[in-house]
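Architecture at a glance
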Amino acid sequence: MSKYIKSFSEDGIGVIQLNRPNVLNALNRDMVHEIVVQLETFDNDEAINVIVLKGNEKAFAAGADIEEMMEATPLSLELLNPFAEWDKISLIKKPILAAVNGFALGGGFELALHCDLIIAGEDAKFGFPEVNLGVLPGAGGTQFLAKAMGVRKALEWIWLGESMSAKIAYDYGVINRVVAKELVEEETMRLATKLTKQPPISLRLIKEAVHAATDLTLQEGKNLERKNFYLAFASEDQKEGMRAFSEKRPASFRGK
Ligand code: DAK
């Protein structure tokens, strides 16, 4: 039984809602653990094709739990190794969509950046205020933001610790869509539903190849893409997709 999240599934979409509203969904260690366990559960569930992570109207998450973080020492961090939990999010194979309203700060922004697509309301605020606490982003923020918007812009935002509006985040290519705040969930579910109709094996092979593009050389990336391309030909969905095209009918994919 989860204490800090709620989860449910419908029509191939697994939904995780962050649920610590009285502290703007501040992420403590147990909450991150619950999120990761639920992501892995959905990833291993054949009935789920796409995962949605959402907060509430006021906050996606306003960062790591500062009260908990105050107790940390270099040795407690070394022994607990809390970042290993975050690394597991990058191992999820299925598409993860973040639906963001309100604050997505610090660890909350990092959680959104661990997702594949980000849909935000006009009122959303993204930022890394860690510098104001005398630290710096620790769950990948410097890397994700530099890769998304370039080194100079990332430095400016992270050094100043200021929040960017959804519009600015969109203009820099950090997020995918901005909609009216009351439409965030609807738009996210609409996009997720579209993805549930796509061939699941293609989606996961595409996810692996596209994310690798930010780390690999062009040739290494092309080699990985090629391997995944070959692998797709082992699927029934590849046969179905091409057969449906030649029979002039819509394809029906089964993830096999
Ligand atoms: N931690 C703990 N409590 C928080 C919180 C947070 N990050 N953010 C908000 N709260 C609590 C507030 O203390 C307040 O609690 P009560 O006073 O009602 O008991 C309640 O949520 C409502 O917040 P406010 O009253 O402040 O609400 P406002 O609308 O006035 O202001 C705000 C909203 C988001 C501007 C403000 O709450 C704020 O500045 N919050 C802190 C934002 C922040 O600095 N976040 C970054 C934290 S550093 C790691 C992984 C990741 C990280 C670190 C380590 N490991 C794996 C080890 C990441 C670090 C960070 O995220």
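Figured I'd write up the structure that's included with this text. The structure displayed is predicted, hence computed values, not measured ones.

Each helix and strand in the protein was counted, giving 12 helices and 10 strands. A compact globule built from 256 residues should have a C-alpha radius of gyration of about 18 Å, and the protein, at 19 Å, falls within 12% of that. Partitioning the contacts of the protein with sequence separation of at least 6, the portion at a separation of at least 24 is 65%. Accessible surface, the protein: about 14400 Å² in total, of which carbon and sulfur atoms supply 56%. The distance from the centre of the 30 positive side-chain charges to the centre of the 36 negative ones in the protein is 7 Å.

Let us now look at the site of the ligand. Residues in contact with the ligand amount to 23 residues; listed here are only the nearest, Ala62, Ala64, Ile66, Phe83 and Gly107. Between the ligand and the protein, one listed contact pairs an oxygen atom with a side-chain N or O atom of Lys58 at 3.4 Å. Here a nitrogen atom of the ligand sits 2.9 Å away from a polar atom, N or O, in the main chain of Ile66. Listing elements by their share of the shell around the ligand, those giving two or more residues are α2 (66-69), α4 (83-87), β6 (103-105) and α5 (107-113). Looking at the shell around the ligand residue by residue, the class counts come to 15 nonpolar, four polar and four charged.

As a further point, take the pairing of strand β1 (residues 5-10). Across six bridges, the pairing between β1 and strand β2 (residues 13-18) is antiparallel. Each bridged residue has a counterpart across the sheet, and for Ser9 the counterpart in β2 is Gly14.

Okay, helix α10 (residues 200-212) next. With 13 residues, α10 extends 19 Å between its outermost C-alpha atoms, agreeing within 8% with the 18 Å of an ideal straight helix rising 1.5 Å per residue. Packing partners of the buried residues in α10 comprise β5 (96-100), α9 (184-196) and α11 (218-232).

The mixed open sheet is built from six strands, whose spatial order is β1-β2-β3-β5-β7-β10. Taken across any chain shown, the strands that pair with only one partner, and hence form the sheet edges, are β1 and β10 (177-179). Averaged over neighbouring strand pairs, the angle between their axes works out to 20° when direction is ignored. Where β5 and strand β7 (residues 117-121) come together, four bridges link them in parallel fashion. Bridging from a neighbouring strand, Ala99 pairs with Ile119 of β7. On the sheet, helix α1 (residues 29-43) packs against β1, β2, β3 (50-54) and β5 and is oriented at approximately 175° with respect to β2. Helix-sheet contacts for α9 involve β1, β2, β3, β5, β7 and β10, and the interaxial angle to β7 is about 155°.

Our next topic: the packing of α10 against α11. Taken N-terminus to C-terminus, the directions of α10 and α11 make an angle of 175°; their axes are 9 Å apart at the nearest point. On the basis of the axis angle, α10 is roughly antiparallel to α11. Residue-level contacts link Leu205, Glu208, Ala209 and Ala212 of α10 to Leu224, Glu225, Asn228, Leu231 and Ala232 of α11. Its residues assigned to classes, the contact of α10 with α11 comprises six nonpolar, one polar and two charged.

What follows is about the packing of aromatic side chains. The description of an aromatic ring pair uses the distance of the two centres, along with the angle that the planes make with each other. Counted according to the given criterion, the structure contains three aromatic pairs. Measuring from centroid to centroid gives 5.3 Å for Phe109 and Phe126, while their planes differ by 50°, and the two rings are tilted. Linking Phe109 in helix α5 with Phe126 in strand β8 (residues 125-127), this pair joins segments that are 17 residues apart in sequence. Among the residues examined, Phe126 registers a relative accessible area of 0% and is labelled buried. Aromatic ring contacts, followed pair by pair, group Phe109, Phe126 and Phe128 into a single cluster.

The sheet built from four strands is open, its strands ordered β4-β6-β8-β9 with mixed pairing. Across the chains shown, the open sheet's two edge strands, defined by having one partner strand only, are β4 (59-61) and β9 (163-165). The average undirected angle you get between the axes of adjacent strands in this sheet is 20°. Pairing of β4 with β6 involves two bridges; the strand directions are parallel. Each residue of the ladder has a partner; that of Ala61, found in β6, is Ala104.

Parameters at a glance
- By convention here, each chain's residues receive numbers from 1 onward along its written sequence.
- Two thresholds apply to this predicted model, a pLDDT of at least 70 for residue-level local features and 80 or more for giving and counting side-chain atom pairs, whereas whole-chain, interface and lining totals are computed over all residues.
- Values reported for side chains reflect all heavy atoms of the structure, with hydrogen atoms and water molecules removed beforehand.
- Note on conventions: DSSP H or I runs of at least 4 residues are helices, E runs of at least 2 residues are strands, and numbering of each starts at the N terminus.
- We compute the radius of gyration over the C-alpha atoms and compare it with the globule rule, which gives 2.2 Å times the number of residues raised to the power 0.38.
- Residues are treated as being in contact if the distance between any of their heavy atoms lies within 4.5 Å.
- Here the Shrake-Rupley method, with its probe set to 1.4 Å, supplies the accessible areas, and only the displayed protein chains count as covering residues.
- Under the counting rule used here, the positive set is Lys and Arg, the negative set is Asp and Glu, and His together with the chain ends is not counted.
- Every charge is mapped onto a representative atom, which is NZ of Lys, CZ of Arg, CG of Asp or CD of Glu.
- Here a residue is considered near a molecule or strand provided that any single heavy atom belonging to it is located within 4 Å of it.
- By the criterion applied in these results, polar contacts are pairs of N or O atoms within 3.5 Å in which, for protein atoms, one can donate a hydrogen and the other can accept it, and in which residues neighboring in sequence qualify only through two side-chain atoms.
- Throughout, the ten residues Ala, Val, Leu, Ile, Met, Phe, Trp, Tyr, Cys and Pro are labelled nonpolar, Asp, Glu, Lys and Arg are labelled charged, and all others, Gly among them, are labelled polar.
- Here, a strand pair is defined by DSSP locating no fewer than two bridges between the strands.
- Every helix has an expected span of 1.5 Å times one less than the residues it contains.
- Inter-axis angles, ranging from 0 to 180 degrees, are taken between N-to-C directions of lines fitted to C-alpha atoms, where helices are fitted over the stretch in contact.
- What sets the label is the angle itself: under 35 degrees gives roughly parallel, over 145 gives roughly antiparallel, 65 to 115 gives roughly perpendicular, and the rest give oblique.
- Each Phe, Tyr or Trp ring (for Trp, its six-membered ring) is paired with any other whose centre lies within 6.5 Å, and the angle between the two planes then decides the class: stacked below 30 degrees, edge-to-face above 60, tilted in between.
- Relative accessible area decides the class of each residue, using a 1.4 Å probe on protein chains only: under 20% of the type maximum gives buried, over 50% gives exposed, and in between gives partly exposed.

That's the geometry; what it means functionally is another story.
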